[in-house]
Amino acid sequence: MQAATKTDRAHLARAIELARNGIGRANPNPVVGAVVAIDGTVLGEGWHDELGGPHAEVNAIGACGGRDLAAATLYVSLEPCCHHGATPPCTDAILAAGIRRVVVASDDPTEKASGRGLGILRDEGVEIVLADGELAHSARLLNQAFRKHARTGRPWILFKSAMTLDGKVATRDGDSKWISGVESRELAHHWRASVDAVAIGIGTALTDDPQLTARVEHVHRQPRRVVFDSLARLPVSSQLVCLTADVPLIVVVSRAAARSETDALEAAGAEVLVATGENEPARVRAALDQLGSRGIASILLEGGPHLAGAFLDAGEIDEVRLFLAPMLLGGRSARDPLEGEGVERIAEAISALTLDCEPVGEDLLISARLREW
Ligand code: AOF
Ligand code: ZN
């Protein structure tokens, strides 16, 4: 098989850049970008803009305005599909357009894809080039949620918290408004807008009475809201429940929840899921299986420390974003970002693959990727 040339890599980098236009719009589908070019000349560009809408390849081919593409190469950030979903197979569109060369940046790990589309194209004599190295890596990084969901059935989890210089997320009395600054909080609203669901525990729901909606401009779709509430204590008068007509609410309870309470939540419009398992991490995994099967591929986990600890113990946190605010609180009983059981020895620490830091207003944003899919 041929390797990608320098020109190939430049077009493929552009395809990966185009894919970003679909962030917060295409999910839980992957974000995908495509370029059609002959040597250095770009004939058409496209991306998968919206869930249910045309795929990147079809948009890029469409942008070529009916030109003869026999000498053209299609560059695409994800392998082309060959299934009939919301739209017809991209392999058909590629063959119908007469394209004879396709350069691909990353694989599609879903059962119905996984190389099948490439096999069909090869059988038809289309030359396939697979990128490797940095380009392939950046294409995979764009679709971490899609990839984890495709491989495990569970959503990708981004844990977000805001802590003080002394590592506290609330005072000894539980006051936490506000630790991070305005800019950090606005950024977090953009993250809400980019995921399929936002999750919190019942402690946070009772203390803050939040809405968990994304309150920034240009929100394509509000994330679903999930509350982990073993005993179904969430009041039907809470803002979370009151908003169910506009944004769906899912309440995850355990078997111990009283039927009268879950009935009341359902009557108020919430969906109630029962997560079973012998301990909290097992119930977290069971809940994530159910949320994944409802098409939720990404979750922004906003705490509190108890729930986040259970997610960590369950091995389900994929990325951490911590705002570090320029203040100190002190107090032995002031809370840390993550509780749960934790590990016993440093040798068992969950080590991050990457660690980045950037200023956001007066805070520092520290991001760590724990796993790659
Ligand atoms: C591609 N190009 O731009 C995207 C692909 O329901 P559908 O028809 O939109 O299909 C969604 C699936 O297609 C999705 O789960 C993933 O496997 C693939 N996405 N494939 O060739 C694209 N977005
Ligand atoms: Zn497709």
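Once that is clear, we can look at the site of ligand 1. Surveying the vicinity of ligand 1 reveals 20 residues, the closest of which are H55, A56, E57, C81 and D108. With respect to ligand 1, the backbone of C81 contributes an N or O atom lying 2.8 Å from an oxygen atom. In the model, an oxygen atom of ligand 1 is placed 3.1 Å from a nitrogen or oxygen of the H83 side chain. Contact with the protein chains covers 93% of the free accessible surface of ligand 1, which is 510 Å². Among the residues making up the shell around ligand 1, the classes are represented as nine nonpolar, seven polar and four charged.

Further remarks concern the domain arrangement of the protein chain. As assigned here, the protein chain comprises domain 1 (6-142) and domain 2 (147-369). Placing a centre on the C-alpha atoms of domain 1 and another on those of domain 2 gives a separation of 34 Å. Taken residue by residue, the interface counts 13 residues in domain 1 and 12 residues in domain 2. Carbon and sulfur atoms supply 51% of the area buried between domain 1 and domain 2, which totals about 1,000 Å² over both sides. Counting the contacts that link domain 1 with domain 2 gives one salt bridge.

In this section: the layout of surface pockets. In this model, the largest pocket occupies a volume close to 1,100 Å³. Residue lining of the largest pocket: 48 residues in total, with T204, D208, E302, G303 and G304 positioned closest to the centre. Per-class residue counts for the lining of the largest pocket are 20 nonpolar, 16 polar and 12 charged. Within this model, the second largest pocket holds a volume of roughly 810 Å³. Lining the second largest pocket we find 33 residues, and of these L141, L142, W156, E319 and R321 sit closest to its centre. Tallied by class, residues from the lining of the second largest pocket come to 16 nonpolar, 10 polar and seven charged. Residues lining the lining of the second largest pocket come from more than one domain, with at least three contributed by each of domain 1 (6-142) and domain 2 (147-369).

Rules and cut-offs
- Residues numbered from 1 in each chain as written.
- Chains lettered and ligands numbered in written order.
- Predicted model: local features only at pLDDT ≥ 70, side-chain atom pairs only at ≥ 80, totals over all residues.
- Heavy atoms only, no water.
- Near = heavy atom within 4 Å.
- Polar contact = N/O pair within 3.5 Å; in protein donor to acceptor, adjacent residues only side chain to side chain.
- Areas by Shrake-Rupley, 256 points an atom, 1.4 Å probe, with all protein chains shown as cover.
- Nonpolar A, V, L, I, M, F, W, Y, C, P; charged D, E, K, R; others polar.
- Domains from an automatic or database assignment.
- Contact = heavy atoms within 4.5 Å.
- Buried area = accessible area lost by both parts, 1.4 Å probe.
- Salt bridge = Lys/Arg side-chain N within 4 Å of Asp/Glu carboxyl O.
- 1 Å grid on protein atoms, 1.4 Å probe; cavity = no way out; pocket = protein on both sides within 12 Å on 5 of 7 lines; lining within 4 Å.
- Points joined across faces, edges and corners; volume = space filled by probe spheres on them.

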